[in-house]
Amino acid sequence: MSFVSYSSQHIVENSTSVSNTFINEHLPTMQPDVLRVYIYGLYLCGAANRYDNTLEHFASTLSVTVDDVISAFTFLADLGLVQVLKLEPIEVKYLPPRTNASKIKKIKPGKYDQFNADIQAVIPGRMITPSEFNDYYTLLESRHMDPNALVMIAKYCVDIKGEDISGAYIMTVASNWAHKGIKTYEAVKEELAGQASETASVVAVLKALGIKRAPEPTDFEMYQKWRTGQGFSNDIVMFVAKKSKGSINKLDTSLDRYFGLKLFEKDQIENYEGEKSRLVTLARDINRRLGEYMPNVEPMIEEYLVPWGLKGFDDDTLVAVAAHCFRSGTRTLFGMDRVISKFYKMGLTNISSLESYIQQRTNKDKVIKVLLEKLGITRDVTQFDRDFYSTWKSDWAMSDEMIEYAASLSKGSGNAMMYMNRVLANWYDQKIVTVDTAKKSGKPSVSDKKVTRQSFTDREATKIFAEFSEEDF
């Protein structure tokens, strides 16, 4: 059974509507996580029989815990917005918001007297308003936060912003920490201790950026992201910071870019930045070879050129591949990237190895061309022919003599290449491996024999590169 649904008073509509009464009476002061629970629950009420209308899926969708959802609904019940019919399993009914409904959560008298005194003591520069106290109560109740933890967070914020700090700033910091699971006195103490150990480093980063202020919570969050989340050393953060004067967001953007490019060392970053001019020239040359036009090549450099370079492809090889791609019908960076990936797997990352491979394939095409002529076929070699030949030589281990003899038997048939394949398949099935044995067995009767084979493309290929084109992947 769905754990949230409309009461009989609520009209179910095809869209999710939010009452103007709710917007006027509750929205301005409601905590973000409680609001998200209310809105998502309202949405699920419109589809009460959905398979995913469960407490667990509800919590997973909002990236909160089950306890957080239950606490939010308990708080909403105190505001008269929902009715919690039972807790195990939880069942909630939404009620129509009422005009002039009390927005102040029902708090047991005396419950927060000590908290009120403690938090006012750490904000001596102004008097805390009843509305602000209510916001604190909402956070404490909806997120199961320890009052002493919130007092400690408030003191931390005052140390940063001063005694006239706004309640909104304190609520933002406290809500963010609660979302990360920092809700007890000990957890806040541990977080502050961790920040204390990083203060000197964060201050140094701000100084390198030319920012003259005390570190704020978001600064520490950014620093932890760079150091722990992305794995940059403090030296690298400082190195990039000195090049990102004036903005911590610019520093964050630069480190995000280097992280995406897998550039974690100073020399890698210096080489990348120092070679930007060369990469811009290379990008434009490749686009010209492909017949592309791209006013801003920076995304191309980051998405394609740098990864290609890390795989070992030099500029000359990339330009040559682009030219071959164009001639074979692959005229996009996406298509060229797939060609590059295939060459990389084959170990073809420089001009010499690439030319050697092409020469080998060209020589093979010459052999196949001779076979076609023996069959009375005058067209150019296609991928269809190459696949057949590869099967005969590699999979069936047919000798050149066997293939030439099969060609002599197949000339003049309706579809000579297909007939020749059937002849060789017949010999392969009978384990005939020499021309003498094949001659003794007589001309195979293959006209009615059904041969199961792979489905091959018959698209004309003007160059060897055609087999690497987008259509062939």
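Further up the page is the structure itself.
Report on the accompanying structure. (Residues numbered from 1 in each chain as written. Predicted model: local features only at pLDDT ≥ 70, side-chain atom pairs only at ≥ 80, totals over all residues. Heavy atoms only, no water.)

1. Thoughts on the overall build of the chain
Here's step 1: When its secondary structure is counted, the chain shows 22 helices and three strands.
Here's step 2: Looking at the chain alone, contacts between residues at least 24 apart form 64% of all its contacts between residues at least 6 apart.
Here's step 3: Carbon and sulfur atoms make up 51% of the accessible area of the chain, which totals about 24700 Å². (Helix = DSSP H or I, 4+ residues; strand = E, 2+ residues; numbered from the N terminus. Contact = heavy atoms within 4.5 Å. Areas by Shrake-Rupley, 256 points an atom, 1.4 Å probe, with all protein chains shown as cover.)

2. Focus on the packing of helix 11 (residues 234-241) against helix 13 (residues 266-274)
Here's step 1: Put simply, helix 11 and helix 13 touch, their axes get as near as 10 Å, and they point 25° apart. In terms of orientation, helix 11 lies roughly parallel with respect to helix 13. In contact with I236, F239 and V240 of helix 11, helix 13 contributes K266, I269 and E270.
Here's step 2: For the contact of helix 11 with helix 13, the residue count by class is four nonpolar, no polar and two charged. (Axes fitted to C-alpha atoms, helices over the stretch in contact; angles between N-to-C directions. Parallel < 35°, antiparallel > 145°, perpendicular 65-115°, else oblique. Nonpolar A, V, L, I, M, F, W, Y, C, P; charged D, E, K, R; others polar.)

3. Looking at unusual backbone geometry
Here's step 1: Look at H144: it is not a glycine, yet its phi comes out positive at around 55°.
Here's step 2: Position of H144 among the secondary structure elements: in the loop between helix 6 (130-142) and helix 7 (147-161).
Here's step 3: Despite not being glycine, K431 shows a phi value in the positive range, around 60°.
Here's step 4: As for its placement among the helices and strands, K431 is situated in the loop between helix 21 (416-429) and helix 22 (435-440).

4. So, the nonpolar core
Here's step 1: In terms of nonpolar packing, the biggest core is built from 84 residues, with I119, Y136, I286 and M336 touching the most fellow members.
Here's step 2: In terms of residue count, helix 7 provides more of this core than any other element does, ten residues in total.
Here's step 3: Among the nonpolar cores identified, the runner-up in size contains 29 residues, and I377, W396, A425 and A438 belong to it. (Core = buried A, V, L, I, M, F, W, Y, C linked by side-chain atoms within 4.5 Å. Buried < 20%, exposed > 50% of the residue type's maximum accessible area, 1.4 Å probe, protein only.)

5. Details of the side chain of N287
Here's step 1: Residue placement: N287 occurs in helix 14 (residues 276-290).
Here's step 2: Using a relative accessible area of 3% as the deciding quantity, one classes N287 as buried.
Here's step 3: Apart from the residues lying within four places of it in its own chain, the contact partners of N287 are E292, M294, V297, M300 and L333.

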